[in-house]
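Descriptive structure summary
The lines below spell out each chain.
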Amino acid sequence: MGVLSGGQHAARLRLLRRFAGPVPRWYPDARPVAGFIRRIRGIAWRAADLVAGFGELLLSTATALPRDAPCPLVSARQLAWGVRYRPSPSDAHVTLRLPVSRRLARRTWMCLPGLASPGTVIAEVPSTAPPLEQQIWRGIHEGAHLDHLTSLARRGPLAPSPGEFGAGLLIAESYAMAVEILAAVECVLAGEGHAVWQLAAGLIERATRLPGGAHPAAEFADLPTLAEVYLLGPIEILADGAAAAALPEELISSLRDRWRAACAAYPPAAAFGSAAAHLIGRSTRP
């Protein structure tokens, strides 16, 4: 059975689709999503408390660290800055400029047909976000998505990639968030106070935007599973849970090695990792 109505999400996608011509009749309409929408689970609220607490600690730490100016608003510069903080950096992507706002585009990382393998693309779109926020979003979070897509493409090129939709997207966001948490710790160790502050603020934002939370985000009002995965997903990965098993071995092994080194060098990260393992019911591995 197809999707009949998609509410705000269908409204955005219909606007995007118009760039390619008339919207097909079979596209979902923008009527409010019908049916039951479950509440956020208890374990997700506990994950939110854990992530927000770690974010607050990182914010406090950032105040004592040096702060450099953010990168220029150029994707290549932002991604190049993030390479040192991504455990499996890739550089095979193509950059495309799109005449739409970030709010309309939303996801700007993808695989497109007709390109040389791996076919990964990052779209440059106008954004009103502050430069530092864009630097972290592009250099760390979206960079991690490109790394994930590149790794998946080695199994066999597909456009779109299975990491762009459905269950694959949940794993993709879990990985990108795990890389963000790792990057926050590594930026502490590198003395990059501006990046620590922004990464910490991002963790707190994800923890408080849950439906029913302190600062709920309208875009997640009818997407509880996606809202939860930004919190539970990275915890599962860093604690070697089920989400970790869904990642390519080359990604999880390098992430695991870097996380262990970060925990050894920064005790609060080790405490966070131990709490994460306890939350998902697993003992911490040596």
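For the structure given in this document, a descriptive report is provided here. (Residues numbered from 1 in each chain as written. Predicted model: local features only at pLDDT ≥ 70, side-chain atom pairs only at ≥ 80, totals over all residues. Heavy atoms only, no water.)

**Brief notes about the sheet that holds strand S3 (residues 120-124)**
Hydrogen bonds between backbone groups are what pair the strands of a sheet, and the pairing can be parallel or antiparallel. Read across the open sheet, the 3 strands follow the order S1-S3-S2; overall the sheet is mixed. If you trace the sheet from one side to the other, it starts and ends with strand S1 (94-97) and strand S2 (109-111), each paired once. Strand after strand, the sheet turns through a mean of 35° between neighbouring axes, direction not considered. Pairing of S1 with S3 involves 4 bridges; the strand directions are parallel. Bridging across to S3, Arg97 finds its partner in Glu124. Packing against the sheet, helix H5 (residues 131-153) makes contact with S2 and S3, and its axis sits at approximately 155° to S3. (Pairing = 2+ DSSP bridges. Helix = DSSP H or I, 4+ residues; strand = E, 2+ residues; numbered from the N terminus. Axes fitted to C-alpha atoms, helices over the stretch in contact; angles between N-to-C directions. Contact = heavy atoms within 4.5 Å.)

**Notes on the pairing of S3**
Counting buried positions along S3 yields 5 of 5 residues, so the element is predominantly enclosed. Pairing of S2 with S3 involves 3 bridges; the strand directions are antiparallel. Bridge pairing links Met110 to Val121 in S3. (Buried < 20%, exposed > 50% of the residue type's maximum accessible area, 1.4 Å probe, protein only.)

**Some thoughts on unusual backbone geometry**
Cis geometry is adopted by the peptide bond preceding Pro118, which originates at Ser117 and carries an omega value of 10°. Mapped onto the secondary structure, Pro118 falls in the loop between S2 and S3. Residue Pro160 follows Ala159 across a cis peptide bond; omega there is 5°. In this structure, Arg106 takes a positive phi of about 60° despite not being glycine. By secondary structure assignment, the location of Arg106 is in the loop between helix H4 (102-105) and S2. Residue classification places Arg106 among the partly exposed positions, given a relative accessible area of 39%.

**Re the pattern of salt bridges**
In total, this model carries 16 salt bridges according to the counting rule given. Between Asp147 and Arg86 there is a salt bridge, and its shortest N-O distance comes to 2.7 Å. Of this pair, Asp147 sits in helix H5 while Arg86 is found in the loop between helix H3 (75-82) and S1, placing the two residues 61 residues apart along the sequence. Classification of Asp147 by relative accessible area gives buried; the value is 3%. (Salt bridge = Lys/Arg side-chain N within 4 Å of Asp/Glu carboxyl O.)

**With respect to H3**
Where H3 is concerned, the buried positions are Ser75, Gln78, Leu79, Trp81 and Gly82. Down the axis of H3, the buried set is contained in an arc of 155°. They therefore lie on one face. Against S3, H5, helix H6 (166-190) and helix H7 (193-208) lie the buried residues of H3. (Arc of directions from axis to C-beta.)

**Notes on the side chain of Ser90**
Relative to the helices and strands, Ser90 resides in the loop between H3 and S1. A polar contact of 2.8 Å, which involves the side chain of Ser90, links it to the side chain of Asp147. Beyond its immediate chain neighbours, meaning those up to four positions away, Ser90 contacts Leu146, Asp147 and Thr150. (Polar contact = N/O pair within 3.5 Å; in protein donor to acceptor, adjacent residues only side chain to side chain.)

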